[in-house]
Amino acid sequence: MSETQISHLSLRNPRSIVRKFQARPQHEGDGAIVRRSIGRFELKYYDPFLLLDEFSISAPAGFPDHPHRGFETVTYMLEGAVTHEDFEGHRGTINAGDLQWMTAGKGIVHSEMPASQGTQKGLQLWINLSSKHKMIDPKYQELQGKDVAKVSKDGIEVRVIAGEAMGIRSPVYTRTPTMYLDFTLKPNAHLQQSIPPTWNAFVYILEGEGIFGNLKSPTAAAHHFLLLGTGDGLEAWNKSSKPLRFILVGGEPLGEPVVQFGPFVMNTQEEIDQTIEDFDSCSNGFEKAEHWKSQSMLGFEF
Ligand code: 3F1
Ligand code: FE2
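Note that the structure is predicted; figures quoted are calculated from it, not measured.

Rules of the game
Residues numbered from 1 in each chain as written. Chains lettered and ligands numbered in written order. Predicted model: local features only at pLDDT ≥ 70, side-chain atom pairs only at ≥ 80, totals over all residues. Heavy atoms only, no water. Pairing = 2+ DSSP bridges. Helix = DSSP H or I, 4+ residues; strand = E, 2+ residues; numbered from the N terminus. Axes fitted to C-alpha atoms, helices over the stretch in contact; angles between N-to-C directions. Donors = N, O, S within 2.8 Å, 3.2 Å for Na, K, Ca; no water. Tetrahedral: all angles 85-135°; square planar, octahedral: opposite > 155°, others 65-115°. Buried < 20%, exposed > 50% of the residue type's maximum accessible area, 1.4 Å probe, protein only. Phe/Tyr/Trp six-rings, centres within 6.5 Å; stacked < 30°, edge-to-face > 60°. Near = heavy atom within 4 Å. Areas by Shrake-Rupley, 256 points an atom, 1.4 Å probe, with all protein chains shown as cover. 1 Å grid on protein atoms, 1.4 Å probe; cavity = no way out; pocket = protein on both sides within 12 Å on 5 of 7 lines; lining within 4 Å. Sits in = over half its atoms within 2 Å of the grid points. Nonpolar A, V, L, I, M, F, W, Y, C, P; charged D, E, K, R; others polar. Polar contact = N/O pair within 3.5 Å; in protein donor to acceptor, adjacent residues only side chain to side chain. Contact = heavy atoms within 4.5 Å. Points joined across faces, edges and corners; volume = space filled by probe spheres on them.

> Just give me the short version of the sheet that holds strand β2 (residues 25-27), but keep the residues and values in it.
Spatially, β2-β3-β4-β11-β6-β9-β12 is the arrangement adopted by the 7 strands of the open sheet, whose pairing is antiparallel. Among the strands making up the open sheet, the edge pair consists of β2 and β12 (139-143). Direction aside, neighbouring strands of the sheet carry axes that sit 20° apart on average. Pairing of β2 with strand β3 (residues 32-36) involves 3 bridges; the strand directions are antiparallel. Residue pairing for β3: glutamine 26 is matched across the bridge by valine 34.

As structure tokens, this is what we get:
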């Protein structure tokens, strides 16, 4: 099929790039390099997204026992592996290609630590929950790489983490409506992907370089974050001689006030104060934190 035929088939109003910046590496302790795009000063919140980290972590660095409330964390591994363990005894390893979609809801306390020697690379996205879902019971949706929906066509490969693309759907249930697509475009490939017009959406480039929005846009390279304007979808081109890999993420904005205190995200300061009290007193969802310590913390006394 020719490019013109594909164009004819779909987008009426492709989104343009309204903001673009590089996620510069921040060194966090011994062995952790994190490139944060959403969640840093210049882009504190992009409704419903609270944080996007591209991490590169080797032992002894990691994220020992810590809480979450009021949102979801999505960990998508690119290389290496992470061992996670929570206060209910839920534990496992997220390997390269695997996905963990964790709805913290009213409370989770867990650890996320490197599972092997070498470098663990991946992405962690935080998706906000609406006020009526902030205090739901925690839930995990875990998919091994082999079970992530994948399709290849016309020089484009897509792994559907959430939502739908090129005729295939992810089994992940998104409490806050979200699409999360991992695209790889071969040289000369041209992508048109629809996005619900009312949703906020962005691209984060993992590898290679490409043209996004329209053909007059400047080339964007790895570790760049592109905020998309309004429209019904995304157009992207790989005019280079190497593969282009990026994620396209979109979500329905909640349009609610956000009050964040580290890993607690609520609607009001009163709810944050209550959350701190609940965590300190191990109540209202944090009961099991009272007598729990992760394996990774055993042997350490604080
Ligand atoms: C000590 C500490 C600091 C910050 O809740 C965004 C604990 C937790 C936190 S946090 N989580 S940050 C995070 C980012 C990436 O603000 C957590 C985990 C991430 O990736 C998982 C991971 C863990 C170990 C990857 C590789 C090794
Ligand atoms: Fe966490």
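> If you had to explain the coordination of the iron ion (ligand 2) to someone new, which residues and values would you point to?
Only His66 (NE2), His68 (NE2), His110 (NE2) and Glu112 (OE) from the protein reach the iron ion (ligand 2) as donors, at distances of 2.1 to 2.2 Å. Here the iron ion (ligand 2) binds 4 donor atoms, and the angle range of 84 to 178° at the metal identifies the geometry as irregular. In the primary sequence, the donor residues of the iron ion (ligand 2) line up as H-x1-H-x41-H-x1-E. With histidine 66 in strand β5 (residues 63-68) and glutamate 112 in strand β10 (residues 108-114), this residue pair connects regions lying 46 residues apart in the sequence. Using a relative accessible area of 9% as the deciding quantity, one classes glutamate 112 as buried.

> So what's going on with the packing of aromatic side chains? Residues and values would help.
With the rule as written, the count across this model stands at 10 aromatic pairs. The interplanar angle of 85° and the centroid separation of 4.9 Å between the aromatic rings of phenylalanine 212 and phenylalanine 246 together place this pair among those described as edge-to-face. Separated by 34 residues along the polypeptide, phenylalanine 212 in strand β20 (residues 209-212) and phenylalanine 246 in strand β24 (residues 244-251) bring together distant segments of the chain. Here phenylalanine 212 falls in the buried class, since its relative accessible area comes to 1%. For phenylalanine 246, a relative accessible area of 0% translates into the label buried. Aromatic side chains phenylalanine 279 and phenylalanine 286 sit 5.3 Å apart centroid to centroid with 75° between the ring planes, which places their arrangement in the edge-to-face category. Classification of phenylalanine 279 as partly exposed rests on a relative accessible area of 28%. Ring-pair connections join several aromatic residues into one group, and the members of that group are Phe21, Phe49, Phe202 and Phe225.

> Could you give an account of the site of ligand 1, with specific residues and numbers?
Not every one of the 15 residues close to ligand 1 is listed here, only the nearest: Phe55, Phe63, Val82, Glu112 and Gln124. Here ligand 1, which alone exposes 620 Å², has 82% of that area covered by the protein. Placement of ligand 1 is best described as lying within the second largest pocket. Secondary-structure elements contributing two or more residues to the shell around ligand 1 are β4 (49-57), β5, β10 and β11 (120-128). Counting residues per element, the shell around ligand 1 draws most heavily on β4, which supplies 4 residues. Of the residues contributing to the shell around ligand 1, the split by class is 8 nonpolar, 4 polar and 3 charged.

> Tell me about the side chain of serine 170, and name the residues and values.
Positionally, serine 170 belongs in the loop between β16 (168-169) and β17 (178-185). The exposure class assigned to serine 170 is buried, which follows from its relative accessible area of 6%. A polar contact of 3.0 Å, which involves the side chain of serine 170, links it to the backbone nitrogen of valine 172. Apart from residues lying up to four places away in sequence, serine 170 is in contact with Val160, Ile161, Ala162 and Gly163.

> Outline unusual backbone geometry, supporting the account with residue identities and numerical values.
In the segment running from aspartate 47 into proline 48, the intervening peptide bond is cis, with an omega of 5°. Assignment of secondary structure puts proline 48 in the loop between β3 and β4. Each neighbour pair has its own omega, and for alanine 59 with proline 60 the value is 10°, a cis peptide bond. Here proline 60 lies in the loop between β4 and β5. Even without glycine at this site, aspartate 154 takes up a positive phi of about 50°. Mapped onto the elements of the fold, aspartate 154 is located in the loop between β13 (149-153) and β14 (156-162).

> Please provide a residue-by-residue account of the layout of surface pockets, values included.
A volume near 450 Å³ is recorded for the second largest pocket. Looking at the second largest pocket, it is lined by 28 residues, and the ones nearest its centre are Arg36, Asp53, Phe63, Gln124 and Trp126. Here the lining of the second largest pocket gets 5 residues from one element, more than from any other, and that element is β4. Looking at the lining of the second largest pocket residue by residue, the classes come out as 12 nonpolar, 11 polar and 5 charged.

> With reference to specific residues and values, describe the environment of threonine 174.
For threonine 174, the position within the fold is in the loop between β16 and β17. Residue class for threonine 174 comes out buried when judged on its relative accessible area of 16%. Through-space distance from the C-alpha of threonine 174 to that of glutamine 274 is 26 Å; in sequence the pair is 100 residues apart. Excluding residues within four positions of it along the chain, threonine 174 makes contact with Trp101 and Ala162.

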